[in-house]
Amino acid sequence: MVRKAIIPAAGYGTRNLPITKVIPKEMLPVGLKPAIHYIVEEAVQSGIEQVLIITSNSKNAIMDYFDHSLELETLLRSKNKEYLLKHLELPKVEIFYTRQSYARGLGDAIRLGKEFVGNEPFGVLLPDDFVISSEAPALKQLIDLYKETNSSVIGLKQVQQEQLKNYGVIQCSSKTNPIEIENIVEKPKTDPPSDMAVIGRYIFTPEIFKCLEGIKAGVDGEIQLTDAIKNLLGTESIYGKIISGDRYDIGVLDEYVELMKIMSKR
C-alpha cells in the first residue's frame, strides 16, 4: 500500500523568472488556486495519507497557504460572509515539511525524505507537471501498476525528438504498458535511447535511498535522481507506465497559458 508521497518544492524556479524572484513557482495561480494545491489534491485522490513537501527558506508562502487562517475565518464570519469559507478549504491530508538548505538537485531533495518514508513504498509528484486525465489521477495510475509488480514505477510520455534533451529518457525493448525499463539517461544531447521521456510522477521502493547515498554531482552539477534510478536498475526491476492524460509543464509559458484556459472553464 502506498500511503506517503514527497513533493519537492525547493527549486529556484529559474524558468519562471522574474516572477519567481518573489513568488515560489509552486504558488503560481492556476485559476484561483496555486499550482501546488492541485498537486496535493492529486495525491489525496490517489489514496495518499501523508505528504512531505520539501521547501527552502524562501518559500514560507507554501506553508502559510496550507495553514488555517483563523483571523481571516473570524473576519468572514463577523462580516456575514460565511459563504466564502468554502474557498479556504484545504486538501484533507497530513502535510509535513522539511527544508533543503541548498538546491542541489532533485535527487538530493528526495534523499531528505528518508526518515519520513521509513520502510515503505512512496510516491513523488513534481509540482511543475500537471496531468489532466479523464481516467484515474496520474499518481493513482502508477500506484495501480505498483500493486501488480511490487516494483518502482515511473511515469512516461512520448516526446518529440527535439525535446528529449530536456528530459530523462528511458531505454526499453517494448512500448507496451507496463514497460520494463532497461536503462535511463539524463537529458541526452545526442542519440537518445528512445522517445519515451520521464515526467514528474514516480513510485519508489525505499531501496532508492540506498542508491541516492554517495552519488556525486552529475548533469548541471546536481545530485540527479536519474543516476539513482540507474543504480536501482542494478538491483531490481523498474517499470514505466505511459500516463493516460494531457500533461502541462508550468515552466513552459505556452503550456502554462493553455493550462490556465482549461482550468478556468472547470
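Up top is the structure these notes are about.
A. Structural view of helix H9 (residues 253-264). Between its terminal C-alpha atoms H9 stretches 16 Å, which fits the 16 Å expected from 12 residues at 1.5 Å a residue. For H9, the complete set of buried residues consists of Tyr-256, Leu-259 and Met-263. Projection of H9 onto a plane perpendicular to its axis shows the buried side chains occupying an angular sector of 60°, all on one side. When the buried face of H9 is taken as reference, the exposed residues oriented beyond 90 degrees from it are Leu-253, Asp-254 and Ser-264. Of the surrounding elements, those touching the buried residues of H9 are strand S2 (29-30), helix H1 (35-45), strand S7 (129-132) and strand S13 (246-249).

B. Highlighting the pattern of salt bridges. A complete count under the given rule lists 17 salt bridges for this structure. Linking Asp-129 and Arg-247 is a salt bridge whose minimum nitrogen-to-oxygen distance equals 2.7 Å. Linking Asp-129 in strand S7 with Arg-247 in strand S13, this pair joins segments that are 118 residues apart in sequence. The buried category is assigned to Asp-129, whose relative accessible area is 5%. What makes Arg-247 buried here is its relative accessible area of 18%. Within the structure, one salt-bridge network assembled from shared partners comprises Arg-15, Lys-25, Asp-128, Asp-129, Arg-247 and Asp-249.

C. Representation of unusual backbone geometry within the structure. Cis geometry marks the peptide bond from Leu-17 to Pro-18; its omega dihedral reads 5°. The residue Pro-18 is located in the loop between strand S1 (4-8) and S2 in this model. Here Asn-177 and Pro-178 are connected by a cis peptide whose omega angle stands at -10°. Turning to its location among the elements, Pro-178 is positioned in the loop between strand S9 (168-172) and strand S10 (179-186). One non-glycine residue, Asn-80, lies in positive phi territory at about 55°.

About the criteria used
- Residues numbered from 1 in each chain as written.
- Predicted model: local features only at pLDDT ≥ 70, side-chain atom pairs only at ≥ 80, totals over all residues.
- Heavy atoms only, no water.
- Helix = DSSP H or I, 4+ residues; strand = E, 2+ residues; numbered from the N terminus.
- Expected span 1.5 Å × (residues − 1).
- Buried < 20%, exposed > 50% of the residue type's maximum accessible area, 1.4 Å probe, protein only.
- Arc of directions from axis to C-beta.
- Contact = heavy atoms within 4.5 Å.
- Salt bridge = Lys/Arg side-chain N within 4 Å of Asp/Glu carboxyl O.

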